[in-house]
Amino acid sequence: MTEKGTRHYKIACIKGDGIGPEVINEAIKVTEKAAEMFGFTVEWTDLPYGARHYLETGEVLPDEALNVIEKHHALLLGAIGDPSVKPGILEQGILLKLRFHFDQYVNLRPAKSFPQVPLPVKADAVDIVVVRENTEDFYIGLGGRWNEGQGECNLNLERNSYNMTGHLKLELTPSYSAAAQVGVATEGAVRRITAYACKTARARGEDTITLASKSNALSWIYGFWEDVSKDEAEKHGMKLQVANVDALCYHLVRDPSKWGVILTPNMFGDIVSDLLAGIAGGLGVAAGANIGDGLSMFEPVHGSAPDIAGTGKANPVAAILSAGLMLQHLGEEEASKAVEKAVRSYLEGASKEKLPWEFGGQASTETVGDWIAKEIQP
Ligand code: NAD
Ligand code: IPM
Ligand code: MN
């Protein structure tokens, strides 16, 4: 890693699959323009992981790649997943492996409305932040699937701050086939993400956070979540209101202006962040960050969108705003603000044809990137 304070940043880049490379190229273009305007430099390391690399070599994400990535200041990622590869292999083998390996326990997903981006709901503006726990819940990949009516699997988990070992044995009579997926929540993980959500709310001048829960049906795991997060929020002088995630989704659609910081376990956060991307105008403007104490990773909320890959219709704004979050994380506060400001002034000034396809315009991925880069100002 380069020395602190040199303002030379080494960024690892996995452009990935489908529209991933298309939108990341625009994020790089805008970051380079910001670097030029704000007097820092960026060195990009392109890593080839994704569907094509897997199909050609059989390799998903080797351990050497993790060592290479670790030597960078951050990782910028497009999207992973392709219809030619069985679902899960690449998503778990690359994306989740990175989140878990670097213990990126925060998945920060702001949902903000932008000028000329039509909202599908009745609201003047949307400004919500999802703070999603990113290392546990039903995402830990433990479980099994059995045809013989009985089966066993290990429940072993290694994390930065703890190791878990265990074993699950099932017998079914009669011997139906069955599957089980195990979700885990630990006190340390719930406390650290709750603390992060409290700090996020405090910085926004708010005194309450909302926990998306479901202890009426899944009492073990989400009852635990409620108890631990309430206690932690109290320590931060923050009120925590609990909402069942089903009703929360209903209320978010009816009136998104009522909500601020939404704290979620991993799986609910995945679902709520796509819902909020839709509410705020589209997946093409939904930025995201995976933050930990070590290497952090920045990626849009959306996936590889194979339905529009190669058409030039992908909206690069989400990837560009994710690069903006990366600049903030690197300490380039002014440049980060300039990126969001550039997105706003491009959208504000754009005639209908100059808008991205997602908003009814005809501007290609590349021209949207060009226009935003042009708007970057010190
Ligand atoms: P998706 O997010 O790729 O697409 C959902 C819908 O939104 C599609 O209609 C798509 O065209 C549209 N869309 C997404 N991004 C857009 C953009 N920037 N501009 C305009 N329209 C956009 O979700 P999916 O179809 O469920 O998943 C496709 C693949 O991506 C799957 O393999 C999935 O596993 C993977 N995936 C990866 C990530 C990631 O890498 N972070 C996230 C979600 C899904
Ligand atoms: C996301 C994606 C991933 C997730 C998938 C691809 C594993 O949907 O980043 O939102 O579920 O976290
Ligand atoms: Mn998702």
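Each remark here, short or long, concerns the structure printed above.
First things first, this report covers the structure right here in the doc. (Residues numbered from 1 in each chain as written. Chains lettered and ligands numbered in written order. Predicted model: local features only at pLDDT ≥ 70, side-chain atom pairs only at ≥ 80, totals over all residues. Heavy atoms only, no water.)

1. So, the site of ligand 2
Turning to step 1, where the next piece is worked out: Taken together, Glu91, Leu95, Arg99, Arg109, Arg132, Tyr139 and Asp270 make up the full set of residues near ligand 2.
Turning to step 2, where the next piece is worked out: Here Arg99 contributes a side-chain N or O atom positioned 2.7 Å from an oxygen atom of ligand 2.
Turning to step 3, where the next piece is worked out: A distance of 2.6 Å separates an oxygen atom of ligand 2 from a polar side-chain atom of Tyr139.
Turning to step 4, where the next piece is worked out: The fraction of the free accessible surface of ligand 2 (320 Å²) that becomes covered by protein chains is 77%.
Turning to step 5, where the next piece is worked out: By residue number, the principal contributor to the shell around ligand 2 is helix 4 (residues 89-101), which donates 3 residues.
Turning to step 6, where the next piece is worked out: Partitioned by chemical class, the residues of the shell around ligand 2 number 2 nonpolar, no polar and 5 charged. (Near = heavy atom within 4 Å. Polar contact = N/O pair within 3.5 Å; in protein donor to acceptor, adjacent residues only side chain to side chain. Areas by Shrake-Rupley, 256 points an atom, 1.4 Å probe, with all protein chains shown as cover. Helix = DSSP H or I, 4+ residues; strand = E, 2+ residues; numbered from the N terminus. Nonpolar A, V, L, I, M, F, W, Y, C, P; charged D, E, K, R; others polar.)

2. So, the packing of helix 7 (residues 245-254) against helix 8 (residues 266-279)
Turning to step 1, where the next piece is worked out: Relative to each other, helix 7 and helix 8 sit at 10°, their axes nearing to 11 Å. The angle between the axes of helix 7 and helix 8 places the two elements in the roughly parallel class. Contacts between helix 7 and helix 8 involve Val245, Cys249, Leu252 and Val253 from the first element and Phe268, Val272, Leu275, Leu276 and Ile279 from the second.
Turning to step 2, where the next piece is worked out: Across the contact of helix 7 with helix 8, the residue classes break down as 9 nonpolar, no polar and no charged. (Axes fitted to C-alpha atoms, helices over the stretch in contact; angles between N-to-C directions. Parallel < 35°, antiparallel > 145°, perpendicular 65-115°, else oblique. Contact = heavy atoms within 4.5 Å.)

3. A look at the site of ligand 1
Turning to step 1, where the next piece is worked out: Residues in close proximity to ligand 1 total 21 residues, the closest being Ile80, Glu91, Gly303, Ala305 and Asp307.
Turning to step 2, where the next piece is worked out: Note that an oxygen atom of ligand 1 is positioned 2.8 Å from one of the backbone N or O atoms of Gly303.
Turning to step 3, where the next piece is worked out: In this structure, Asp307 approaches ligand 1 through a side-chain N or O atom, which is 2.8 Å from an oxygen atom.

4. Here's the deal with the pairing of strand 13 (residues 239-244)
Turning to step 1, where the next piece is worked out: Strand direction decides the pairing type here: strand 12 (residues 208-213) and strand 13, joined by 6 bridges, are parallel. The residue bridging Thr210 from the neighbouring strand is Gln241, located in strand 13.
Turning to step 2, where the next piece is worked out: A crossover links strand 12 with its parallel partner strand 13, the connecting element being helix 6 (residues 219-235), and its sense is right-handed. (Pairing = 2+ DSSP bridges. Right-handed = clockwise from strand over helix to strand, strands pointing away.)

5. Topic: the side chain of Glu26
Turning to step 1, where the next piece is worked out: On the secondary structure map, Glu26 appears in helix 1 (residues 20-38).
Turning to step 2, where the next piece is worked out: Exposure remark for Glu26: the relative accessible area of 5% places this residue in the buried category.
Turning to step 3, where the next piece is worked out: Polar side-chain contacts of Glu26 include one of 2.6 Å to the side chain of Lys29.
Turning to step 4, where the next piece is worked out: Not counting residues up to four positions away in its chain, the partners in contact with Glu26 are Pro316, Ile320, Thr365, Glu366, Gly369 and Asp370. (Buried < 20%, exposed > 50% of the residue type's maximum accessible area, 1.4 Å probe, protein only.)

6. Re empty space enclosed by the protein
Turning to step 1, where the next piece is worked out: By the definition in use, this model includes 1 cavity of 30 Å³ or more.
Turning to step 2, where the next piece is worked out: Of the pockets and cavities examined, the largest cavity occupies roughly 30 Å³.
Turning to step 3, where the next piece is worked out: As for the largest cavity, its lining consists of Pro110, Ala111, Lys112, Ala277, Ala280, Gly282, Val285 and Ala286.
Turning to step 4, where the next piece is worked out: When residues in the lining of the largest cavity are grouped by element, the largest group, 3 residues, is from strand 4 (residues 106-112).
Turning to step 5, where the next piece is worked out: Each residue belonging to the lining of the largest cavity can be placed in one class, and the counts come to 6 nonpolar, 1 polar and 1 charged. (1 Å grid on protein atoms, 1.4 Å probe; cavity = no way out; pocket = protein on both sides within 12 Å on 5 of 7 lines; lining within 4 Å. Points joined across faces, edges and corners; volume = space filled by probe spheres on them.)

7. Some points on the pairing of strand 3 (residues 74-79)
Turning to step 1, where the next piece is worked out: Judged by how many residues are buried, strand 3 sits mostly within the fold: 6 of 6 residues are covered.
Turning to step 2, where the next piece is worked out: Bridge count between strand 1 (residues 8-16) and strand 3: 5 bridges; the pairing is parallel. If you follow Ile11 over to strand 3, its bridge partner there is Ala74.
Turning to step 3, where the next piece is worked out: Looking at chain direction, strand 3 and strand 16 (residues 297-298) are connected through 2 bridges and run parallel. The residue bridging Leu76 from the neighbouring strand is Phe298, located in strand 16.

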